[in-house]
Amino acid sequence: MGLLIKNGTVVTAEKTFAADVLIEAETIREVRAGIPVEPAHEVVDASGMLLLPGGIDAHTHLDMPFGGTTSSDDFETGTRAAAIGGTTTIVDFAIQARGTRMRDALDTWWKKAESKACIDYGLHMIVTDLPEAGLEDMDEMVHEGVASFKLFMAYPNVLMVDDATIFRALQQTSRNGALICMHAENGSVIDVIVRQALAEGKTAPVYHALTRPTLAEAEAVHRAIAMAEMAGVPIYIVHLSSEDALNQVREARDRGLPAFAETCPQYLLLSIDKMNLPGFESAKYVFTPPLREKENLPKLWDGLRTDHLQVVSTDHCPFCFEDQKALGREDFTKIPNGGPGIENRLQLLHHHGVGAGKITLNRFVEIVSTAPARIFGMYPQKGTIAPGSDADIAVWDPKAKHLISAKTHHMRVDYSMFEGFEVTGNARQVFSRGELIVKGGEYVGRVGRGQYLRRAARGGAWQ
Ligand code: URP
Ligand code: ZN
Ligand code: ZN
């Protein structure tokens, strides 16, 4: 029995062409116009539809303990919402607790995901300390398909590690082929500014943004890239938010260094204006790095167009406004950092990127699927529509209108950062490894069907 998607327009990072797609079991067998229908085929008509490789969100935080609480989407609700928005793979983060082995964290995160994930998932490992044995732990993780590690230059006393730790981790990746993902903000400087603000009675959410200058981001991006250059390895900057930081990546890439970076829809579409809402409303937009002055937005779009930025991920880290963000009503430092977005990434990028003429359709596919697959060791199993690849396909209606709202979204969070945004372009059906999992805007697959992805340690080998 094969599944034949007829009459669609296939979009890859390289080209757009009319073709049928034949799927057998979980894999794409053929991609060409005029594949004959046979009695054993189940046929799906995709006339007028684009066939996109399923989206890959390389930065999510599901069921993550953080800021005195836990992100409100678990692997079931989060991956279901992702699927509805056309994303068929995520890479989430396991967290090594200080003083413990990375294996413990990996086991914990596998348990969180295994009976719940609705789509395929990989894991990065957040490294919080690195004794000598930690270097072996990194190799063991790579062996388990954890081909990337996140380190924090921010959040002192919580997640932040010092430069020696960062440098040793970078050096270890020259031996094991993994990729270091960097949260690049100068946490020590920010901590001083934050303490001064609190001492002056500045406790409202807006001070989260005002105490984290773009220069603190740019300095850390510069330092991270310089350390990667000294170690002779690639580096990937996560959730890059500002022109100042982008300039550092541009300078490095223009010198031929393998420096990669992602941004997120919130930095492309929202500005610091959201931090001046009445009452406590701006807490909805407290995440790190913070929203920036609006002059940064077109610069980030330029960065995507010119490939100084390679990826758009969501950094989905939802906390409910009523009972979680509220932890910081009296003190912005106690507001759990993070925002929701896993469901809306493709819709927003398609509408505001392709629809607005800022990026081509092929670049859109590259940014939301192909580049993360390549950088994080999943290509060509994921990230393209080609014979031999997993049959992860979003049947995309480029004309469908959709109103983004917390009233209708599927994420387990009581607000949307993009409330009231009207977008054109949405997933009509979604296939994951050949199985129909989304139809008519609803998830129709089995909970727990998602599989752990063992990723190859070649991150960053591709530029
Ligand atoms: O505010 C954010 N970004 N929360 C999630 C943790 C992180 O730094 O990515
Ligand atoms: Zn981060
Ligand atoms: Zn994050």
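Residues numbered from 1 in each chain as written. Chains lettered and ligands numbered in written order. Predicted model: local features only at pLDDT ≥ 70, side-chain atom pairs only at ≥ 80, totals over all residues. Heavy atoms only, no water.

### Details of the overall build of the chain
Under the convention used in this document: Strands here are runs of E lasting at least two residues and helices are runs of H or I lasting at least four, both read from the DSSP assignment and numbered beginning at the N terminus. C-alpha atoms define the radius of gyration, and 2.2 Å times the number of residues to the power 0.38 defines the globule rule. In short, Shrake-Rupley with a 1.4 Å probe defines the accessible areas, and a residue's cover is counted only from the protein chains shown. Note that His is not counted, nor are the chain ends; the positive residues are Lys and Arg, and the negative ones are Asp and Glu. Charge coordinates come from a single atom per side chain, which is NZ of Lys, CZ of Arg, CG of Asp or CD of Glu.
What the chain contains, in helices and strands, is 12 helices and 19 strands. Taking 463 residues into account, the globule formula puts the C-alpha radius of gyration at 23 Å, and the chain, at 21 Å, falls close to it. When the backbone C-alpha atoms are referred to their principal axes, the chain occupies close to 75 × 50 × 40 Å. Just so you have it, the chain exposes about 16300 Å², and 51% of that area is on carbon and sulfur atoms. Taken as two groups, the 47 positive and 59 negative side-chain charges of the chain have centres that lie 2 Å from each other.

### Brief notes about the packing of aromatic side chains
What counts is decided by this rule: Pairing of aromatic side chains here covers Phe, Tyr and the six-membered ring of Trp, requires ring centres within 6.5 Å, and sorts the geometry by plane angle: under 30 degrees stacked, over 60 edge-to-face, intermediate tilted. Only protein chains enter the accessibility calculation, which uses a 1.4 Å probe; a residue is then buried when its area is under 20% of its type maximum, exposed when over 50%, and partly exposed in between. Geometrically, a lysine NZ or arginine CZ counts as sitting over a ring once it is within 6 Å of the ring centre and also within 35 degrees of the ring normal.
Within this structure, the stated rule accounts for 10 aromatic pairs. Where tyrosine 236 meets phenylalanine 376, the ring centres are 4.8 Å apart and the plane angle is 75°; that geometry is what we call edge-to-face. Of this pair, tyrosine 236 sits in strand S13 (residues 235–237) while phenylalanine 376 sits in the loop between helix H12 (361–375) and strand S16 (393–403), and the two are 140 residues apart along the sequence. Accessibility assignment for this pair places tyrosine 236 and phenylalanine 376 in one class, buried. Each residue in the set Phe75, Trp110, Tyr121 and Tyr452 is aromatic and connected to the rest through ring pairs, giving one cluster. One residue, lysine 358, lies across the ring of tryptophan 301, its end atom 5.2 Å from the ring centre.

### Points about the coordination of the zinc ion (ligand 3)
The line we're drawing: The donor definition counts N, O and S atoms within 2.8 Å of each metal and applies 3.2 Å to Na, K and Ca; water is not among these atoms, so some sites may look incomplete. Geometry assignment treats four donors as tetrahedral when all angles are between 85 and 135 degrees, treats four as square planar and six as octahedral when opposite donors are over 155 degrees apart and all others between 65 and 115, and treats everything else as irregular.
Protein coordination of the zinc ion (ligand 3) is provided by His59 (NE2), His61 (NE2) and Asp315 (OD), with donor distances spanning 1.9 to 2.1 Å. The site at the zinc ion (ligand 3) holds four donor atoms, and with the angles between them running 88 to 133°, its shape is tetrahedral. Here the donor residues for the zinc ion (ligand 3) map to a single chain with the spacing H-x1-H-x253-D. The two metals, the zinc ion (ligand 3) and the zinc ion (ligand 2), are separated by 3.9 Å. Taken as a pair, histidine 59 in strand S6 (residues 55–60) and aspartate 315 in the loop between strand S15 (311–312) and helix H11 (345–355) lie far apart in primary sequence, 256 residues in all. By relative accessible area, aspartate 315 is classed as buried at 8%.

### Topic: the coordination of the zinc ion (ligand 2)
Every protein donor of the zinc ion (ligand 2) is listed here as Lys150 (NZ), His183 (ND1) and His239 (NE2), and their distances to the metal cover 2.1 to 2.2 Å. Positions of the donor residues of the zinc ion (ligand 2) along the chain correspond to the pattern K-x32-H-x55-H.

### Observations regarding helix H1 (residues 75–84)
Our working definition: Residues adjacent in sequence count toward polar contacts only when both atoms are side-chain atoms; beyond that, a polar contact is any pair of N or O atoms within 3.5 Å, and within protein one must be able to donate a hydrogen and the other to accept it.
In terms of residue burial, H1 counts as a mostly covered element, since eight of its 10 residues are buried. Residues of H1 that are buried: Phe75, Thr77, Gly78, Thr79, Ala81, Ala82, Ala83 and Ile84. By the N-cap criterion, in which a side-chain oxygen at the helix start approaches the backbone nitrogen of a residue two or three places on, H1 is capped by aspartate 74, the distance to glutamate 76 being 2.9 Å. Just downstream of H1 lies glycine 86, where phi reads positive at about 95°.

### Topic: the sheet that holds strand S9 (residues 87–95)
To summarise the sheet geometry, strands pair through backbone hydrogen bonds and adopt either a parallel or an antiparallel arrangement. Applicable threshold: For two strands to be treated as a pair, DSSP must find at least two bridges joining them. Residue contacts are counted whenever heavy atoms from the two residues lie within 4.5 Å of one another. Under this scheme, a helix contributes an axis fitted over its contacting stretch, all axes are lines through C-alpha atoms, and angles between N-to-C directions fall in the 0 to 180 degree range.
What the eight strands build is an open sheet, ordered S6-S9-S10-S11-S12-S13-S14-S15; its pairing is parallel. Among the strands making up the open sheet, the edge pair consists of S6 and S15. The pairing of strand S10 (residues 120–126) with strand S11 (residues 148–152) spans two bridges and is classified as parallel. Paired with isoleucine 126 across the strands is lysine 150, a residue of S11. Relative to the sheet, helix H7 (residues 214–231) contacts strand S12 (179–183), S13 and strand S14 (259–263), its axis offset from that of S13 by approximately 170°. Strands S6, S9 and S15 of the sheet are contacted by H11, whose axis makes an angle of about 115° with S6.

### Observations concerning the pairing of strand S2 (residues 16–24)
By the bridge criterion, eight bridges tie strand S1 (residues 2–11) to S2 in an arrangement that is antiparallel. Residue pairing across strands places leucine 4 opposite leucine 22, the latter belonging to S2. Linking S1 back to S2 in an antiparallel pair, the connection comprises four residues. Relative to strand S3 (residues 27–32), S2 is paired through five bridges, and the arrangement is antiparallel. In the sheet register, isoleucine 23 faces S3, and the bridge partner there is isoleucine 28. Between S2 and the antiparallel strand that follows it, S3, lie two residues; alanine 25 among them carries a positive phi value of about 55°.

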